[in-house]
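# A closer look at the structure
What follows is each chain in one-letter form.
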Amino acid sequence: MLIENELKPIELPKKYQRNGHDCFFDPYREKLIPVTPEEIIRQKVAAWIEAALGVPRDCMILEQHLSHYHIESKDRADIIIHQVVENDMLAPVAVVECKADSVVISDKTLDQCFGYADRLGINYAFVSNGIEFLSYRYDEEQKKYIELAKPPCYADMTNGALGESKVYEAIERPSLEAAKDPVIQKKYTDDLIIGVATKPSMAAHIINLFECLIDTSKTLSKSSGKQFSIIEDIGVRVSSYGNAAGYDFVAPYRCFLIKDSQGNHQIVSFGFNAYGNDQTIFCVAIDDFKKSHHALQLLMDKYAHPVFNELRFTHTGRISVGHSGSGATAALLDLVATKMPEVYQNGELRLGVVPTDVLLTIDQESVTDLIINLIDYALIRDDYRTTLKALNKK
């Protein structure tokens, strides 16, 4: 639910100066706390929870160490809501993760909050960036957290009430003609799915492919590529991925759990983002243990070519390798020529062709072939990066 307007009239604690820094005198912790964008949201959200959900002030602890609950962790939860149990002891019932209002709530934010709830052994998990307040309760039968239509009041939290699950209304997919409408296209640029510098004609093709990706009623018509097999179609996640330049991109991604040729399981995700130069990138992202990243960022205005009623995807093999700069394109192309000879033609990679005169679905052979080729190519690129980084360390 949106709570931005409800937070605006909430007064922040009085400010004081300490060592040249603005500080709040926090009424919950009763000490001076440096003013930061996240602390502003934490204070307002705590006050809103107290007033709107009826949580007693003395049952909320801000920035509480998980180790306080005999959990081996250095992590701290933004807000933990408690109830009074035997001998006037406080037992946790809900956890709240707060982010600055500039931060988009992604699956990583939710996973962080769910992880706190799991370790605390509680059912309720809430996340807010001062604009949205998302509420979840763990469902024992489904073994997962279910989003609630609204946050429960304190009495319902302490009684373990299930709450009403949120129901999402289906959004009508734009037709091919509607995707050309500047008003429709602006919705995608406003959501940073399409860059404002992308040509309107290309934007229409991107909308068609983007909507195809997020349509979970269809899945790929093939289950393997040259170097992997697909284990599960995970569906759509709102995820945050970084690139070699250090930028993060938050967007809806269509995700697949795969098993590569080395027997490792990885999650490969597809999405569109507005790039730093206001163009649009078609992103192939790979999750790893430490940092998820874009294995490929394909500039649509450069590498997607409308020809008659087709959109042809190519690439030059250009690659960045973190702080090492750009990798040798020729060496990468040689790898692709060896492992994917069918896509390597005259020094160029031809990754796939999809029609532009029909609404795309992911189970169409041409779309599936494009996705399969992109996964194979992304895996080769990541293997090349790993090899190059190892050589640079010597």
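It should be emphasised that the depicted structure is a prediction, and the values quoted were computed from it without experimental measurement.

Rules and cut-offs
- Sequence positions are assigned chain by chain, starting from 1 and proceeding in written order.
- Two thresholds apply to this predicted model, a pLDDT of at least 70 for residue-level local features and 80 or more for giving and counting side-chain atom pairs, whereas whole-chain, interface and lining totals are computed over all residues.
- Only heavy atoms go into the side-chain values, all of them from the structure, while hydrogens and water stay out.
- Pairs were defined over the aromatic rings of Phe, Tyr and Trp, the Trp ring being its six-membered one, requiring ring centres within 6.5 Å. Orientation was assigned from the angle between planes: stacked under 30 degrees, edge-to-face over 60, tilted for the rest.
- Helix and strand labels come from DSSP, where a helix needs a run of H or I of at least four residues and a strand needs a run of E of at least two; each type is numbered from the N terminus.
- Exposure classes here rest on a 1.4 Å probe applied to the protein chains alone. A residue is buried below 20% of its type maximum, exposed above 50%, and partly exposed in between.
- Here, over-ring charges are defined by two tests on the NZ atom of lysine or the CZ atom of arginine: distance to the ring centre within 6 Å, and angle to the ring normal within 35 degrees.
- Given a helix with a known number of residues, its expected span is that number minus one, times 1.5 Å.
- Counted as a polar contact is a pair of N or O atoms within 3.5 Å, where, for protein atoms, one must be capable of donating a hydrogen and the other of accepting one, and residues adjacent in sequence contribute only when both atoms are in side chains.
- The contact criterion used throughout is that any non-hydrogen atoms of two residues lie within 4.5 Å.
- Should DSSP find at least two bridges between two strands, the strands are taken to pair.
- Only the stretch in contact is used when a helix axis is fitted, and all axes are lines through C-alpha atoms; the angle between N-to-C directions ranges over 0 to 180 degrees.
- Should an angle fall under 35 degrees it is called roughly parallel, over 145 degrees roughly antiparallel, and 65 to 115 degrees roughly perpendicular, with every other angle called oblique.
- Left-handed describes a crossing whose near helix is turned anticlockwise from the far helix by less than a right angle; the clockwise case is right-handed.
- As a working rule, the residues Ala, Val, Leu, Ile, Met, Phe, Trp, Tyr, Cys and Pro are called nonpolar, Asp, Glu, Lys and Arg charged, and the rest polar, with Gly in that last group.

Before going further, it helps to spend a moment on the packing of aromatic side chains. If you walk through the whole model with that rule in mind, you get eleven aromatic pairs. Seen in terms of ring centroids, W48 and F133 are 4.9 Å apart; in terms of plane orientation they differ by 50°. Their pairing is tilted. With a gap of 85 residues between them, W48 in helix α2 (residues 37–52) and F133 in strand β8 (residues 133–139) connect regions that are remote in the sequence. Each member of the pair, W48 together with F133, is buried. Seen in terms of ring centroids, Y138 and Y145 are 5.0 Å apart; in terms of plane orientation they differ by 70°. Their pairing is edge-to-face. This pair shows no difference in class: Y138 is buried, exactly as Y145 is. Lying across the ring of Y28, R57 places its NZ or CZ 5.0 Å from the centre.

Attention shifts here to helix α6 (residues 200–214). Compared with the 21 Å implied by 1.5 Å per residue over 15 residues, the 21 Å span of α6 between its first and last C-alpha is a close match. Burial of α6 is extensive: twelve of the 15 residues sit out of reach of the surface. Looking at α6, one finds that the buried residues are M202, A203, A204, H205, I206, I207, N208, L209, F210, E211, C212 and L213.

With that settled, consider the side chain of Q266. The topology assignment puts Q266 in strand β12 (residues 265–274). You can call Q266 buried: its relative accessible area is 17%. Of the polar contacts made by the side chain of Q266, one reaches the side chain of D260; its length is 2.8 Å. Residues contacting Q266, with those up to four places away along its chain left out, are F256, L257, I258, D260, I286, D287 and L379.

It is worth spelling out the sheet that holds strand β5 (residues 76–84) at this point. Read from one edge to the other, the open sheet built from six strands follows the order β4-β5-β6-β7-β8-β9, with strand pairing classed as mixed. Edge positions in the sheet fall to β4 (60–65) and β9 (144–147), since each has one partner strand and no second. This sheet shows a mean twist of 35° between the axes of neighbouring strands, independent of strand direction. Bridging between β8 and β9 involves four bridges; their strand directions are antiparallel. The residue bridging Y136 from the neighbouring strand is E147, located in β9.

This brings us to unusual backbone geometry. Not every positive phi belongs to a glycine, and E30 is a case in point at roughly 55°. With respect to the helices and strands, the residue E30 is situated in the loop between β2 (21–26) and β3 (31–34). The backbone of K143 shows a phi angle near 55°, a positive value even though the residue is not glycine.

In contact at an axis separation of 10 Å, helix α5 (residues 182–190) and α6 are set at 65° when each is read in the N-to-C sense. Judged on the interaxial angle alone, α6 and α5 are roughly perpendicular. Considering the relative orientation of α5 and α6, their crossing is left-handed. Each of I184, Q185 and Y188 in α5 lies in contact with α6, whose residues at this interface are P200, A203, A204, I207, F210 and E211. Its residues placed into classes, the contact of α5 with α6 shows seven nonpolar, one polar and one charged.

A few words now on the pairing of strand β18 (residues 348–355). Looking at chain direction, strand β16 (residues 310–315) and β18 are connected through six bridges and run antiparallel. Note that in β18 the partner of E310 across the bridge is P355. Pairing of strand β17 (residues 344–345) with β18, which is carried by two bridges, proceeds in the antiparallel orientation. From the neighbouring strand, Q345 faces β18, where its bridge partner is E348. Taking the residues between adjacent antiparallel strands as the criterion, β17 and β18 are bridged by two residues, where N346 takes a positive phi near 50°.

None of this, on its own, says anything about what the molecule does.
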